[in-house]
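# Working through the structure, step by step
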Amino acid sequence: MEPRLYIDKHVELVERCKQGERKAQYELYKLYSKSMMNVCMRVVNHNGEAEDVLQEAFLDAFSNLHSFRGQSTFGAWLKQIVVNKAINHLRQRKMQLVDIEGYGSGDNDTDIANEESLDEEGIQMDVERIRRGIEQLPEGYRIVLSLYLFEGYDHEEIGEILGISESTSRTQYMRGKKKLLEMIKH
Amino acid sequence: MRRRASKTYDKPFTFPQNTNTMKDKLQRFVRDNREAFDVHEPSDDLWSRLSEKLPQIESSTISEENTITNTTPQKGGSDSSFFTKTWKNLNWRIAASIALVMGLGWIGYKVNQTPSIPTEVASSTSTDYAKQVSQYTHLIDTKRAELRQMTQSDPALYKEFAVELDELERSYQNLKADLPKNPNQETVIQAMIQNLQWQIDLLNQQLDIIQRIKSKNNHATNNKLT
């Protein structure tokens, strides 16, 4: 995520796509479709909708490739489009992202204080259980956790993407994580 | 993501005690097993559905698409219907600009019936130029629309930006007017294309500036709220 100066290995492929070469577009699609599909899934949590979002995002990426000027890697650029599309999709689904502030509002401060008593070190980590646990989290938690843990955004960036404050993102993350750990503990 | 460089790390809001212990194990685990979490695959026919919607290569070298979107992903809730509308408006403009440039090439050819070499060159490559010009003008129109939308709250700023753009636009129009009577058409066309590229660069810079102002304002309001 840092603005590092390294050579994007797909520069040449991207250039060919800019020329509208269908084969190059397919190559890029093959390279990124799986990881981007999983980004979509973690946000929208629905297979069919995730594919719709994915398709839309690739179409946008290909038609706006000329605006990609190599300031980040192609993957990072594409992911931004995917994440924004997915979030917009949820918005259209009438989910109100502001509402996540309301989740678990009864147990806010004590909640965070209690987290220390939750013995994270003692919890057995397991890919499948974490994955399923995240799927079952309330939408707001799921999105913050996914963007933070998986997509490498920090709370400032998540705040901007979701239109919430940085500290709300932080709080949501802490609560979401606590909930998740409780789920996988049992 | 690209704003990292300007970030300040002295945010007052932190969870001092539990960040280290709580953060690390789960985060570390996810990071170390990142690949294993990606269990979903897009269905096999997604590419064929997608490629049907991609523009035909023959019609244009830079793909142009009927879903013009926000080229600045940070913007968040983009109004897609706005862009669809813009696109519909643009459709005839692209056609018109292709026709215009080809027409100009034809007129130029007619005017210089004396078969000189530069005219030959200009007419043989005029389709390439026409393509380039139409792509650039399309891009400029899209970016301008975006600029207009993003500066809705700040008309003064838009005006300021528009002045700079109009200057380039004027010199473009001068070049275009000059084209039919100029014996060295290729040079003029190249200058026109160069001018369009400058317009795009300028628009990109302006959009960048707006983006930066916006994210700064966002931070300011966010910080005030917390």
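Note on numbering: residues in each chain are counted from 1, in written sequence order. Whichever chain is written first becomes A and whichever ligand is written first becomes 1, with later ones labelled in order. A pLDDT threshold of at least 70 governs which residues receive local features in this predicted model, and a stricter bar of 80 or more applies before side-chain atom pairs are shown or counted, although totals over entire chains, interfaces and linings include all residues.

### Section: the overall build of chain A
- Across its full length, chain A carries nine helices and zero strands.
- Looking at chain A as a whole, 46% of its 186 residues are labelled buried.
- Contacts are defined on C-beta atoms placed from the backbone: any two residues whose C-beta positions lie within 7 Å are in contact. Within chain A, contacts between residues at least 6 apart in sequence are counted, and of these 69% link residues at least 24 apart. Here a strand is any run of E in DSSP of at least two residues, a helix any run of H or I of at least four, and the numbering for each starts at the N terminus. For the exposure call, what matters is how many other C-beta atoms sit within 10 Å of a residue's own: 20 or more marks it buried, 12 or fewer exposed, and in between partly exposed, using C-beta atoms placed from the backbone.

### Looking at the overall build of chain B
- Each helix and strand in chain B was counted, giving eight helices and zero strands.
- In chain B, the order of α-helices and β-strands from amino to carboxyl end is α-α-α-α-α-α-α-α.
- Looking at chain B as a whole, 22% of its 226 residues are labelled buried.
- Excluding contacts between residues fewer than 6 apart, the proportion of contacts in chain B whose partners are at least 24 apart in sequence is 69%.

### Topic: the packing of helix α3 (residues 47-63) of chain A against helix α3 (residues 46-53) of chain B
- Only the contacting stretch of a helix is used when fitting its axis, a line to C-alpha atoms as for every element, and angles between N-to-C directions run 0 to 180 degrees. The contact between α3(A) and α3(B) brings their axes to 10 Å, and the two run at 40°. One way to sum up the angle between α3(A) and α3(B) is to call them oblique. As α3(A) runs across α3(B), the sense of the crossing is right-handed. For the pair α3(A) and α3(B), the contacting residues are A:Glu51, A:Leu54, A:Gln55, A:Phe58 and A:Leu59 in the first and B:Leu46, B:Arg49, B:Leu50 and B:Lys53 in the second. Under this scheme an angle from 65 to 115 degrees is roughly perpendicular, one under 35 degrees roughly parallel, and one over 145 degrees roughly antiparallel; angles in between are oblique. Rotating anticlockwise by less than a right angle from the far helix to the near helix defines a left-handed crossing, while the corresponding clockwise rotation defines a right-handed one.

### Thoughts on the nonpolar core
Residues and elements named next belong to chain A.
- Membership of the largest hydrophobic core comes to 50 residues, with the highest contact counts inside it found for Met36, Cys40, Val43, Val82, Ala86 and Leu145.
- Broken down by secondary-structure element, the contributors of at least two residues to this core are α2 (22-44), α3, α4 (74-92), α6 (127-136), α7 (139-150), α8 (155-162) and α9 (166-185).
- Sort the elements by how many residues they give to this core and α2 lands first, with 10 residues.
- Aside from chain neighbours lying at most four places away, what touches Cys40 is Ala50, Val53, Leu54, Val82 and Ala86. By definition, a nonpolar core groups buried Ala, Val, Leu, Ile, Met, Phe, Trp, Tyr and Cys residues that are joined through C-beta atoms within 7 Å.

### Some thoughts on the environment of B:Tyr172
Residues and elements named next belong to chain B.
- Here Tyr172 lies in helix α7 (residues 155-178).
- A tally of 20 C-beta atoms within 10 Å means that Tyr172 is categorised as buried.
- Residues Tyr172 and Met192, spaced 20 residues apart in sequence, show a C-alpha to C-alpha distance of 5.9 Å.
- The contacts of Tyr172, once residues within four sequence positions are left out, are Met192, Asn195 and Leu196.

### Quick word on the packing of α7(A) against α9(A)
All names here are of chain A.
- Contact pair α7 / α9: the axes reach a minimum separation of 8 Å and the direction vectors enclose 100°. Classified by the angle between their axes, α7 and α9 sit roughly perpendicular to one another. Counted together, Gly140, Tyr141, Val144, Leu145 and Tyr148 of α7 and Ser169, Gln172, Tyr173, Arg175, Gly176, Lys177, Lys179 and Leu180 of α9 form the full contact between these two elements.

### So, α2(A)
All names here are of chain A.
- Helix span, as expected, comes to 1.5 Å for every residue beyond the first. When the terminal C-alpha atoms of α2 are compared, their 29 Å separation across 23 residues is substantially less than the 33 Å that a helix rising 1.5 Å per residue should span.
- In α2, a bend of some 45° at Ser33 exceeds every other bend along the element.
- Phi turns positive one or two residues past the end of α2, at Asn45, with a value near 60°. In this scheme, the bend at a residue equals the angle between the axes fitted to the seven residues that finish there and the seven that begin there.

### With respect to the confidence of the model for chain A
- A score between 0 and 100, pLDDT records how confident the predictor is in each residue. For chain A, per-residue confidence averages 83 on the pLDDT scale, and residues scoring 70 or more make up 81% of the total.
- This model gives residues 1-6 of chain A a pLDDT under 50, and the stretch forms seven contacts once residues within four places in sequence are excluded.

### Quick look at the environment of A:Lys18
- Along the polypeptide, A:Lys18 turns up in helix α1 (residues 11-18).
- For A:Lys18 and A:Ser67, which are 49 residues apart along the polypeptide, the C-alpha to C-alpha distance reads 9.9 Å.

### Some thoughts on the confidence of the model for chain B
Residue and element names in this part refer to chain B.
- Of all residues in chain B, 60% have pLDDT values of 70 or greater, and the mean over the chain is 70.
- Helix α2 (residues 34-37) holds the highest mean pLDDT among the elements of chain B, 92, whereas helix α5 (residues 117-124) holds the lowest, 45.
- Confidence drops under a pLDDT of 50 for residues 58-80, and excluding neighbours within four residues, the segment shows 55 contacts in the predicted structure.
- Scored as a complex, the prediction yields pTM 0.51 and ipTM 0.82.

### Here's the deal with the environment of A:Gly176
- Within the secondary structure, A:Gly176 is located in helix α9.
- Each C-alpha atom, one on A:Gly176 and one on A:Leu137, is 7.3 Å from the other, the two residues being 39 residues apart in sequence.

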